[in-house]
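Close look at the chain arrangement
The lines below spell out each chain.
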Amino acid sequence: MRGAEAIEFSIFNCKIKIDFLFVAVLTFITVTDKTFLSLCAVALIFAHEMGHIISAKILKTPIYEINFGPVNVDILKPQAYYSKSFFQKMIIILSGFISNLIIFIILSGIYIITKNKFLMLVALQSFIIGMINILPIESLDGGEAVGLILHKFFSYENAKKISNVLSLVFLVPATFFGIFLGIKSRHNISVIMLALYLIFEKYFYV
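To start, this report covers the structure provided alongside it. (Residues numbered from 1 in each chain as written. Predicted model: local features only at pLDDT ≥ 70, side-chain atom pairs only at ≥ 80, totals over all residues. Heavy atoms only, no water.)

Section: the overall build of the protein
Summing up its helical and strand segments, the protein has seven helices and four strands in all. Taking all 206 residues of the protein together, the buried fraction comes to 36%. Here the analysis covers contacts within the protein between residues at least 6 apart in sequence; of these, 58% occur between residues at least 24 apart. When the accessible surface of the protein is totalled, it reaches about 12,200 Å², and 73% of it is carbon and sulfur. (Helix = DSSP H or I, 4+ residues; strand = E, 2+ residues; numbered from the N terminus. Buried < 20%, exposed > 50% of the residue type's maximum accessible area, 1.4 Å probe, protein only. Contact = heavy atoms within 4.5 Å. Areas by Shrake-Rupley, 256 points an atom, 1.4 Å probe, with all protein chains shown as cover.)

Here it is in structure tokens:
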């Protein structure tokens, strides 16, 4: 369900593909959000993906390709990834969260010195993006990490069932919280949009 590719470039021999619909969504966000925080969030997500690329490169498991679509980010792992040890795989999975955490610490430190509130907001964004990504939902890094752990103790079928239940347990309250936040603030729909994206990614995206 990918659109026509608008941009294509490489970082550390990893091909980055961005389709037209992603660019359209990004343009809409940029035009409608006068705070520029949504645009910063996109940059932080890109930094998150860079964390995966760099850790995979260090562990000699270069990621071949990352595709940015309107409703998904596809990471194509090489066959060598599956032969790596449990801990090496876990490092690659969690490196995106670590990248967001490092950015949070750096920007928080700069905020302490400069008292720039915008930097603090971006720092909090980075922390939230990192924390959301380690939730045990299948489409996220946390879901992949949980799946990796479950496969050490259960069969593929049972691990999949447990993973599905965990995803549902976290998705349902996230959706209702997003609705509540959107009604309460009247303009902050970021959580509900994220929840709907995860639902679409899990149950409808092919």
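Read on, since the account is not over.
As for the packing of helix H2 (residues 37-58) against helix H4 (residues 117-133)
Running from amino to carboxyl end, H2 crosses H4 at an angle of 50°, the nearest separation of the two axes being 10 Å. Judged by the inter-axis angle, H2 sits oblique to H4. For H2 against H4, the interelement crossing comes out right-handed. Between H2, through Leu37, Ser38, Cys40, Ala41, Leu44, Ile45 and His48, and H4, the contact on the second element is made entirely by Phe118, Leu121, Val122, Gln125, Ser126, Ile129 and Asn133. Across the contact of H2 with H4, the residue classes break down as nine nonpolar, five polar and no charged. (Axes fitted to C-alpha atoms, helices over the stretch in contact; angles between N-to-C directions. Parallel < 35°, antiparallel > 145°, perpendicular 65-115°, else oblique. Left-handed = near helix turned anticlockwise from the far one by under 90°. Nonpolar A, V, L, I, M, F, W, Y, C, P; charged D, E, K, R; others polar.)

Some points on the packing of aromatic side chains
All told, the structure shown has two aromatic pairs when counted by the stated rule. Taking 5.3 Å as the distance between ring centres and 85° as the angle between the ring planes, the aromatic pair formed by Phe86 and Phe87 counts as edge-to-face. We classify Phe87 as exposed; its relative accessible area is 63%. Ring plane angle 40° and centroid distance 5.0 Å describe the contact between Phe104 and Phe127, whose orientation is recorded as tilted. In this pair, Phe104 sits in helix H3 (residues 86-114) while Phe127 sits in helix H4, placing the two residues 23 residues apart along the sequence. We note Lys115 situated over the ring of Tyr111; from NZ or CZ to the ring centre the distance is 5.9 Å. The ring of Phe86 has Lys152 sitting right over it, with the charged end atom 5.0 Å from the ring centre. (Phe/Tyr/Trp six-rings, centres within 6.5 Å; stacked < 30°, edge-to-face > 60°. Lys NZ or Arg CZ within 6 Å of the ring centre and 35° of its normal.)

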